[in-house]
Amino acid sequence: MTVHKSQGGTFSEIVFSYESCQEQQLVYVGLSRVTSIDGLYLTNPRNNFKFHHCKNVSSPRIDALRTELQRLSNHRLRTIGDDIMTEITSNSSACTLISMNVQSLNAHSLDISTDRVLTSVNFLAISETWLTNNSNPTIAGYDCIVLEKRDDTRAGGVAIFQNTTTSAITLSHTIKKFNSSDDQALDEADHFGDICAAEISMMGTNMLLFSLYISPGTTLRQKKYFLTRNLIMYARLATPIIVTGDFNIDVSKPGNDELISFMKTYLFLDLASDPTQATTLGGSCIDLTFCTEHWSLL
């Protein structure tokens, strides 16, 4: 992105290609796009780390620039990341989880391992890994507990990771699938998505964490079959359960809240995430988290 195109925008992090020959105003616009000095990175082709602008210079325009930079430093914009980090640090005894769709884990593992929020939580539930079951995925600072993906589709795939600093005993869990000789659609439901699970023992509490991905284009009926086949055996289980992932149905739209009612009525799972909060750039809410009613999420 050019500096000119960035005007009017603000970003939590920027990498600015700095040159001593750049105009003062251009440098100002480029540097003032970042909301915090901690998110500002300067680079140049010659690896020259000397900052040439404004040094020992005084003029009305430079003084105005210095005043504006000081004003910005005193009015730092608070980001979503700041809010999340406040929640995490103020609830240090809580078990923290982030669920996300990565659309290729190999392509974004470095992004995850260098993100201050993602590296601060205990567990990651990831959808659309695009990884086969014999893959060996790596995220610096995390251990892969379990991953799963159908063989007949390129997209999809799910995984659960645990932070290496987390003092929890976590094991891969083999999902107890429901079979019915009276309904062949249940046996075919495995073609509608991917799901994996982990057993977690942390701070004296045991729980089950499910990460899932339901393929786009599946009907509501097919989604119900997939969820029934994989989760009905855990209905009313005393162990706390969290089910999270990409359901590929926009529950913010009228009529699609039938999925929420189904999860509550038949699987005894309550929606813990906000159905009015968009989870995609298009404004839809398709990434959801459900949990048993005797559990609460931040």
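All of these numbers come straight from a predicted model, not from anything done at the bench.

### A short note on the overall build of the protein chain
Okay, so step 1: Of regular secondary structure, the protein chain possesses 8 helices and 12 strands.
Okay, so step 2: Counting only C-alpha atoms, the protein chain reaches 85 × 40 × 35 Å along its principal axes.
Okay, so step 3: For the protein chain, the proportion of its 298 residues judged to be buried stands at 42%.
Okay, so step 4: Of the contacts formed within the protein chain by residues at least 6 apart in sequence, a portion of 67% connects residues at least 24 apart.

### Section: the side chain of Thr170
Okay, so step 1: Relative to the elements of secondary structure, Thr170 occurs in strand 7 (residues 169-173).
Okay, so step 2: The buried category is assigned to Thr170, whose relative accessible area is 12%.
Okay, so step 3: Looking at Thr170, its side chain comes within polar contact range of the side chain of Gln162, at 2.3 Å.

### A look at the environment of Leu97
Okay, so step 1: Within the secondary structure layout, Leu97 lies in strand 3 (residues 97-101).
Okay, so step 2: Its relative accessible area of 28% is what places Leu97 among the partly exposed residues.
Okay, so step 3: Note: C-alpha distance between Leu97 and Phe123 (26 residues apart in sequence) is 4.8 Å.
Okay, so step 4: Not counting chain neighbours up to four residues away, the residues in contact with Leu97 comprise Val121, Phe123, Leu124, Ala125, Leu209, Ile242 and Thr244.

### A short note on the pairing of strand 8 (residues 193-202)
Okay, so step 1: With 8 of 10 residues buried, strand 8 is to be regarded as a mostly interior element.
Okay, so step 2: Judged from the 5 bridges that link them, strand 7 and strand 8 form a sheet pairing that is antiparallel. Residue His173 lies in a different strand from strand 8, and its bridge partner there is Ala197.
Okay, so step 3: The pairing of strand 8 with strand 9 (residues 205-214) spans 10 bridges and is classified as antiparallel. Looking at the pairing, Ile200 lines up with Met207 of strand 9.
Okay, so step 4: Counting the residues between successive antiparallel strands, the hairpin from strand 8 to strand 9 contains 2 residues, one of them, Met203, with a positive phi of roughly 55°.

### Digging into the pairing of strand 10 (residues 241-246)
Okay, so step 1: Buried residues dominate strand 10, accounting for 6 of its 6 residues.
Okay, so step 2: Here strand 9 pairs with strand 10 via 6 bridges, running parallel. Looking across to strand 10, one finds that Leu208 is bridged to Ile241.
Okay, so step 3: As a crossover connection, the stretch from strand 9 through helix 7 (residues 220-231) into strand 10 is right-handed.
Okay, so step 4: Bridge count for strand 10 against strand 12 (residues 287-291) is 5 bridges, and the pairing is antiparallel. Bridge pairing in strand 12 places Ile242 opposite Cys291.

### Considering the sheet that holds strand 10
Okay, so step 1: Read across the open sheet, the 6 strands follow the order 7-8-9-10-12-11; overall the sheet is mixed. Either end of the sheet is taken by a strand with one partner, and the two such strands are strand 7 and strand 11 (270-271).
Okay, so step 2: On the sheet, helix 7 packs against strand 8, strand 9 and strand 10 and is oriented at approximately 150° with respect to strand 9.

### Some thoughts on helix 8 (residues 258-267)
Okay, so step 1: Every buried residue belonging to helix 8 is among Leu259, Ile260, Phe262, Met263 and Leu267, and all of these are buried. The arc that holds every buried residue of helix 8, seen down its axis, measures 160°, which confines them to one face.
Okay, so step 2: Among the structural elements, helix 7, strand 11 and strand 12 are those in contact with the buried residues of helix 8.
Okay, so step 3: Trailing helix 8 by a residue or two, Phe268 shows a phi angle of about 60°, which is positive.

### Some remarks on the nonpolar core
Soluble globular proteins tend to pack their nonpolar side chains together in the buried interior.
Okay, so step 1: Core analysis: the largest hydrophobic core is formed by 29 residues, its most contacted members being Phe210, Leu227, Leu231, Val243, Phe247, Met263 and Leu269.
Okay, so step 2: Among the elements of the structure, strand 8, strand 9, helix 7, strand 10, helix 8 and strand 12 are those that each provide at least two residues to this core.
Okay, so step 3: Ranked by residues supplied to this core, first place goes to helix 8 with 5 residues.
Okay, so step 4: In terms of nonpolar packing, the next biggest core, distinct from the first, is built from 18 residues, Ile98, Leu118, Tyr142 and Ala159 among them.

### Observations regarding the sheet that holds strand 4 (residues 123-127)
Okay, so step 1: In space, the 4 strands of this open sheet follow the order 3-4-6-5, with mixed pairing throughout. Taken across any chain shown, the strands that pair with only one partner, and hence form the sheet edges, are strand 3 and strand 5 (142-148). Averaged over all pairs of adjacent strands, the angle between strand axes in this sheet comes to 20°, irrespective of strand direction.
Okay, so step 2: Direction of pairing for strand 5 relative to strand 6 (residues 158-163): antiparallel, over a ladder of 6 bridges.

Definitions and cut-offs
- The residue count restarts for each chain, going from 1 along the sequence in the order it is written.
- Per-residue local features are limited, in this predicted model, to residues with pLDDT of at least 70; the limit for side-chain atom pairs, both in listing and counting, is 80 or more; totals at the level of whole chains, interfaces and linings are taken over all residues.
- Remark: hydrogens and water are excluded; side-chain values derive from all non-hydrogen atoms of the structure.
- Labels follow the DSSP assignment, with helices taken as runs of H or I lasting at least four residues and strands as runs of E lasting at least two, numbered in each case from the N terminus.
- For every residue, the accessible area obtained with a 1.4 Å probe (protein chains only) is divided by the maximum for its type, and the residue is called buried under 20%, exposed over 50%, and partly exposed between those limits.
- Note on definitions: a residue-residue contact is assigned when non-hydrogen atoms from the two residues lie within 4.5 Å.
- Between N or O atoms, a polar contact is any pair within 3.5 Å; within protein, one atom must be a potential hydrogen donor and the other a potential acceptor, and residues adjacent in sequence are included only when both atoms are from side chains.
- Pairing between strands is defined by DSSP: at least two bridges between the two strands are required.
- Handedness rule for crossovers: strands pointing away from the viewer, path from the first strand over the helix to the second running clockwise, crossover right-handed.
- Angles shown run from 0 to 180 degrees and are taken between the N-to-C directions of axes, each axis being a line fitted to C-alpha atoms and, for helices, limited to the stretch in contact.
- What the arc covers is the set of directions going from the helix axis to the C-beta atoms.
- Only buried residues count toward a nonpolar core, which is a set of Ala, Val, Leu, Ile, Met, Phe, Trp, Tyr and Cys residues joined through side-chain atoms within 4.5 Å.

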